[in-house]
Amino acid sequence: MANMAVAVGGTEAPPPRRAGRNWVPYALLVPGLLFLAFFYAAPMVTLGSQSLQEGNVYDGYILTGNVGIYPETLSEYWPHLFRSLGYAASATFFGLILAYPLAYYMAQKAGRWKNIMLILVIAPFFTSFLIRTLAWRIILSDGGVVSDVVQASGFDHVLNFMGLTQGDTLLNSKFAVIAGLTYNFLPFMILPLFAALDRLDPRLMEAARDLYASGWQTFRRVIWPLSLPGVVAGTLLTFIPAAGDYINSRLLGNTQTVMIGQVIDSLFLRVLDFPKAAALSFILLVMIVALVGFYVRKAGTEELV
Amino acid sequence: MAENPSGDLRLVQLSKEFDTFTAVHPLDLTIPQGEFFALLGPSGCGKTTTLRMVAGLEEPTSGAIYIGDTDISEIKAFKRNVNTVFQNYALFPHMRILDNVAFGLKRRGDKNAMAKAQEALELVELGHTAKKKPNQLSGGMQQRVALARAIVNRPDVLLLDEPLGALDLKLRRQMQIELKRIQADVGITFIHVTHDQEEAMTMADSVAVMNAGRLEQVGSPAELYDRPASTFVANFLGQSNLLTSRITGDAGEGLSSADCHGYPILVATENIPDGVSDVFVGVRPEKFRLGRHGRNQLKGTVTDDSFTGVATQYLVRLPWGFEVTVIQPNDGSPRAKVGENVDISWEPGSEFILDASQDEDAGMLDTGLRHG
Amino acid sequence: MKWIKKHLLLFAALAVLGYLLLPNVVVAVFSFNSPRGRYNYEWNEFSAAAWLDPCGNPGICEALGLSLRIGLTASVVATILGTLVAFALGRHRFRGRSATNLLIFMPMATPEVVMGSSLLTLFVMAGMPSGSLNITIAHIVFCVSFVVVAVKARVSSLDPRLEEAAADLGANPLQTFLRVTLPLAAPGIAAGALLAFSLSFDDYIITNFNASPSSITFPMYVWGAAQRGTPVEIFVVGTVMFLVALSIVVIGQILSSRRERKA
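The numbering scheme is per chain: residues are counted from 1 as the chain's sequence reads. Labels follow written order: the first chain is A, the first ligand is 1, and so on. For this predicted model, a pLDDT threshold of at least 70 governs which residues receive local features, and a threshold of 80 or more governs which side-chain atom pairs are given and counted, while totals over whole chains, interfaces and linings are taken from all residues.

### Let's talk about the overall build of chain A
1) Next: Assigned secondary structure in chain A consists of 14 helices and two strands.
2) Next: Across its three principal directions, the C-alpha atoms of chain A cover 75 × 70 × 35 Å.
3) Next: A buried classification covers 48% of the 305 residues belonging to chain A.
4) Next: Contact definition: two residues whose C-beta atoms, as placed from backbone geometry, lie within 7 Å. When contacts within chain A are restricted to residue pairs at least 6 apart in sequence, long-range pairs at least 24 apart make up 73% of them. By the criteria applied, helices consist of DSSP H or I runs no shorter than four residues and strands consist of E runs no shorter than two, each listed in order from the N terminus. To sort residues by burial, count the other C-beta atoms lying within 10 Å of each one's C-beta; a count of 20 or more means buried, 12 or fewer means exposed, and anything in between means partly exposed. C-beta atoms are built from the backbone.

### A short note on the domain arrangement of chain B
All names here are of chain B.
1) Next: Here the bounds of each domain stem from an automatic or database domain assignment. Considered domain by domain, chain B is made up of domain 1 (9–226) and domain 2 (231–367).
2) Next: Taking the mean C-alpha position of each, domain 1 and domain 2 sit 38 Å from one another.
3) Next: Listed by contribution, the elements that provide at least two residues to the side of domain 1 that touches domain 2 are β9 (206–211), β10 (214–219) and α7 (221–226).
4) Next: Looking at the side of domain 1 that touches domain 2 element by element, the count peaks at three residues for α7.

### Topic: the environment of Val286 of chain A
1) Next: Relative to the helices and strands, Val286 of chain A is located in helix α14 (residues 274–299).
2) Next: Put simply, Val286 of chain A and Gly86 of chain A are 200 residues apart on the chain and 16 Å apart in space, counted from C-alpha to C-alpha.

### Looking at the interface of chain C and chain A
1) Next: In this assembly, 85 residues from chain C lie in contact with 79 residues from chain A.
2) Next: The element that contributes the greatest number of residues to the side of chain C that touches chain A is helix α2 (residues 8–30) of chain C, accounting for 15 residues.
3) Next: When grouped by side-chain class, the residues that make up the side of chain C that touches chain A number 61 nonpolar, 16 polar and eight charged. Side-chain classes are defined by residue name, with Ala, Val, Leu, Ile, Met, Phe, Trp, Tyr, Cys and Pro counting as nonpolar, Asp, Glu, Lys and Arg as charged, and the others, Gly among them, as polar.

### With respect to the sheet that holds strand β4 (residues 62–67) of chain B
All names here are of chain B.
1) Next: Whether two strands pair depends on DSSP finding at least two bridges between them. Strand order in the open sheet formed by four strands is β2-β1-β4-β5, with antiparallel pairing between adjacent strands. Because the sheet does not close on itself, it has two edges, and the strands there are β2 (22–31) and β5 (70–71).
2) Next: Pairing between β4 and β5: two bridges, direction antiparallel. Each bridged residue has a counterpart across the sheet, and for Ile67 the counterpart in β5 is Thr70.

### Some thoughts on the nonpolar core
Where a protein is soluble and globular, its nonpolar side chains tend to be buried together.
1) Next: One nonpolar core equals one set of buried Ala, Val, Leu, Ile, Met, Phe, Trp, Tyr and Cys residues connected by C-beta atoms within 7 Å. By size, the foremost hydrophobic cluster in this structure holds 174 residues, and its most contacted members are Ala103, Ile190 and Leu193 of chain A together with Val85, Val141, Cys143 and Ala196 of chain C.
2) Next: The biggest single contributor to this core is helix α7 (residues 132–156) of chain C, with 16 residues.
3) Next: Among the nonpolar cores identified, the runner-up in size contains 101 residues, and Leu14, Ala23, Met53 and Ala148 of chain B belong to it.

### Here's the deal with the sheet that holds strand β11 (residues 241–252) of chain B
Working definition: the strands of a sheet are paired by backbone hydrogen bonds and lie parallel or antiparallel to each other.
All names here are of chain B.
1) Next: The strand order across the open sheet built from five strands is β13-β12-β11-β14-β20, with neighbouring strands paired in antiparallel fashion. In this open sheet, the two edge strands, each paired with only one partner strand, are β13 (263–268) and β20 (352–355). Between one strand axis and the next, the sheet turns by 45° as a mean value, whatever way the strands run.
2) Next: As judged from the six bridges shared by strand β12 (residues 255–260) and β13, these two strands associate in the antiparallel manner. When the sheet's bridge partners are listed, Leu255 is paired in β13 with Ala268. All axes are obtained by fitting lines to C-alpha atoms, using only the stretch in contact for helices, and the reported angles, taken between N-to-C directions, cover 0 to 180 degrees.

### What to know about helix α6 (residues 112–125) of chain C
Because an α-helix completes one turn every 3.6 residues, residues spaced three or four positions apart along the sequence face the same direction.
All names here are of chain C.
1) Next: The end-to-end C-alpha distance of α6, which contains 14 residues, comes to 20 Å, matching closely the 20 Å that a straight helix rising 1.5 Å per residue would cover.
2) Next: Most of α6 sits inside the fold, with twelve of its 14 residues counted as buried.
3) Next: Where α6 is concerned, the buried positions are Glu112, Val113, Val114, Met115, Gly116, Ser117, Ser118, Leu119, Leu120, Thr121, Leu122 and Phe123. What a helix is expected to span follows from its residue count: subtract one and scale by 1.5 Å.

### Notes on the confidence of the model for chain A
All names here are of chain A.
1) Next: Across chain A, pLDDT averages 85, with 91% of residues at or above 70.
2) Next: pLDDT expresses how confident the predictor is about each individual residue, on a scale running from 0 to 100. Within chain A, helix α1 (residues 2–9) has the poorest average pLDDT of any element, 39, and helix α3 (residues 69–109) the best, 94.
3) Next: Throughout residues 1–12 the model reports pLDDT below 50, and contacts reaching past four residues in sequence, or to other chains, amount to 53 contacts.

### Re unusual backbone geometry
All names here are of chain A.
1) Next: Located in the positive-phi region is Asn172, a residue other than glycine, with phi close to 50°.
2) Next: Relative to the assigned elements, Asn172 resides in the loop between α7 (155–161) and α8 (174–184).
3) Next: Judged by the 19 C-beta atoms lying within 10 Å of it, Asn172 falls in the partly exposed class.
4) Next: A positive phi angle, near 75°, is found at Tyr212, a position not held by glycine.
5) Next: Assignment of secondary structure puts Tyr212 in the loop between α10 (202–210) and α11 (215–244).

### Quick notes on the packing of helix α13 (residues 260–269) of chain A against α6 of chain C
1) Next: Where α13 of chain A meets α6 of chain C, the axes come as close as 10 Å, and the angle between the chain directions of the two elements is 15°. It follows that α13 of chain A is roughly parallel to α6 of chain C by the angle criterion. Considering the relative orientation of α13 of chain A and α6 of chain C, their crossing is left-handed. Across the interface between the two elements, Gly261, Ile264, Asp265 and Phe268 of chain A from α13 of chain A touch Val113, Ser117 and Leu120 of chain C from α6 of chain C.
2) Next: Taken together, the residues of the contact of α13 of chain A with α6 of chain C break down into four nonpolar, two polar and one charged. Here the word oblique covers every angle except those under 35 degrees (roughly parallel), over 145 (roughly antiparallel) and from 65 to 115 (roughly perpendicular). In this scheme the handedness of a crossing depends on how the near helix is turned from the far one: anticlockwise by less than a right angle means left-handed, clockwise means right-handed.

### Observations regarding the packing of helix α4 (residues 60–91) of chain C against α7 of chain C
In a packed pair of helices, the relevant descriptors are the angle between the two axes and the axis-to-axis distance.
Residue and element names in this part refer to chain C.
1) Next: Running from N to C, α4 and α7 cross one another at 40°; their axes reach a closest spacing of 6 Å. The pairing of α4 with α7 is recorded here as oblique in orientation. Between α4 and α7 the crossing geometry is right-handed.
2) Next: Here the residues of the contact of α4 with α7 are counted per class, giving 18 nonpolar, ten polar and two charged.

### Let's talk about the pairing of strand β8 (residues 189–194) of chain B
Residues and elements named next belong to chain B.
1) Next: Most of β8 is tucked away, with six of its six residues classed as buried.
2) Next: Of the two faces of β8, both are covered, the one formed by Thr189, Ile191 and Val193 as well as the one formed by Phe190, His192 and Thr194.
3) Next: In terms of strand pairing, strand β3 (residues 36–40) meets β8 through five bridges, oriented parallel. Residue pairing in the sheet places Phe37 in a bridge with Ile191 of β8.
4) Next: Where strand β7 (residues 157–161) lies against β8, five bridges are found, and the strand directions are parallel. Pairing of Leu160 across the sheet is with His192, part of β8.
5) Next: Note on the crossover from β7 through helix α5 (residues 169–186) to β8: the handedness is right-handed. For a crossover, the right-handed case is the one in which the path from the first strand over the helix to the second runs clockwise, viewed with the strands pointing away from the viewer.

### Brief notes about α2 of chain C
Residue and element names in this part refer to chain C.
1) Next: With 23 residues, α2 ought to run about 33 Å at 1.5 Å a step, and its terminal C-alpha atoms sit 32 Å apart, in line with that.
2) Next: Given a residue, its bend is the angle between the two axes fitted to the seven residues that end at it and to the seven that start from it. Approximately 40° is the largest bend angle found in α2, and it occurs at Leu21, with the proline Pro23 only one to four residues beyond.
3) Next: All buried positions along α2 are accounted for by Ala13, Val16, Leu20, Pro23, Asn24, Val26, Val27 and Phe30.

Below, the structure written as structure tokens:
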């Protein structure tokens, strides 16, 4: 699985040309690509089309080309949109800071403990996302250990001051949502980082030290640049799902932490305003793809999969 | 020793073009059955591509491949009675050694596959490793397994793609002898691709030298060394001193006179290529003698000496500034010092003569040799 | 002090590992709780009741069964489709390679809400009522890409000379595939299948868009329960899942390290 994650960001050359039998790759591709064309590409078209229709669920919809829905939706929900991107960016940032030391330790220092640590990273990821998020309600609840420590250390005032919590409860706050998001997508950050750092030849670090680099300079000039494919893959695998997630904001947040996914969900399934929901969904997709495209270009990775 | 006389391997106008370049220009080559044949050349010269075409792993752009009278160029790799010892061996990592060796036999439905495979392993003295996996074995052992895996199928032709490239020097020498022994035992035609001229010369009955997708020369190691047909061959196989000269006339007794930067020298007339007067007179370093021992004599100054045990190698600067390499056996004769003025001499007829219109340095960088 | 500085990285690594594992420990502990009210958020007193009757809460085991069925179907189909695509990408050169890469990458770059809602619009326009078939299709869509990535990583790291060696030794293309390529790619395929199953089994957001009241998966059940109260049984299921996952991963690791040691 570590391989899987790093491959997302890695660059590689296409395989060598093979003689003859040129229909073989197409035959291999047809079933999978047809499936994706039907159930990934086509839904994007119907989603776009839905956003430009007018009507209601009971009487049906007619395609009217109502592009005005986009500015309308955007002006109504831009705070949710930017809040989601901000939360996702924070979770990605904190995830990177937390994941890097662990991934580095596992890859370079853990020795025979490497596999055991890897198991401990992977195993929780296979356990229900929802149940683990519910567990955070227990961990952060008033009167719990975490809450007591935070209050005893006075850290609650810092959180309050930064607007991350209100009063002396940790739950139902911005803090809880970002902590939950960071936690939930952490394995997606650790595994690609681990894969990249695992391939790092320890002699390179020794060579850097030999050539008078300090510990920090060794990190900055050798380790970090060589781990970039892992960083790119990890940040993408964290940011994308975090931006669209609403489980954390719903279970750990309050009415001020509503994320865009929650809005789309309720517009579709509760308010039944399909066009507006579809428009918002489309806007989110375009924003993410634009951000990811820009980021990938900046990071200089070509072949993504 | 050969049990099924299947005939010689013949390549007829065989060529290979890739998208952007021609790997092998049309070439003709006949390799007699049962011979240990080496394809020698620097990397990228087309020798591996030629080998892969014979194996059926690469489709020729044009031309044909015959074994005896049968054209095999259209036969798929898995139906060809040709086996390969791959570079880095390509042993199947998920199979035991014995299963690796039996793989080919099983594909042909041989009932005795396992017994024959065990026998082949014994031949390479690895019978005890049968139950192991490939990466439990050292490089040299893996190499021998790869050999056993190919030989056990009794192919008409066995192809070896730089088989010793990954081994260290000592093991390499050992395997060279081993390979020759096995080849003599089984009597199969071996085609050995290598960039190591010494390896090719010690092992092969005949050597074909390739350069930039073309055959430069085919012959026995001694022929190639003593009578190279081009500056490339002269420089790629061993060291050469190429003296720019002009043939001036007949000197009788089968000799011709020549002018080398104003100094008169004698050469064997039979060595002169037809219709050429501007030539390189090539003298191998060990054919030179320090002192006035031969009929051809030049004066020079020693600029460098290095002691190699059996011999001492000198660099001698000739009056017109050209430096030649001279190798003297350490047989008790007096040694020269750096800065000393010396005479160097050689016998007419010990030279080879090449047309001077070629690039003097062809084949030089690839061997890492440098002089003059 | 020097000792602390020397082991700073270790402490950081262990702290992060603790952060990752803490919820699982809490879930395991609270599966033995006997909560005071409907919410299992505060420790009250020890009870093994939920462990003795994990299906005690109405609907929980039906939801679990549905999730297992959908997870199996989706992961099998996604593994087949994804493996074929991965072989094409990892083993062949062809026109349209970058377009294929893009189509594989896009589902991974699409937030779950967008994928779930877009499929809903497709199914609504096609007049296909929500239910477990729609859920299964949706799961296959997002699993295929992950399978492709896992298998391709393995396939493209295989030495192409091994396949050539097989052909050279007389194996026809089918034999080469079955005896050499497939066994060597197997760990990647297994990883892809396992990943697909866990993604499918765990999915809430996409499922929620395409489910009907008669197709409640386990994550939907948990979500629904979280709105009204949290039965201890879901903590039992969570703990069991953790233990099963842990043992699968441990067995996988033992197998691969044994193979490495032997090999």
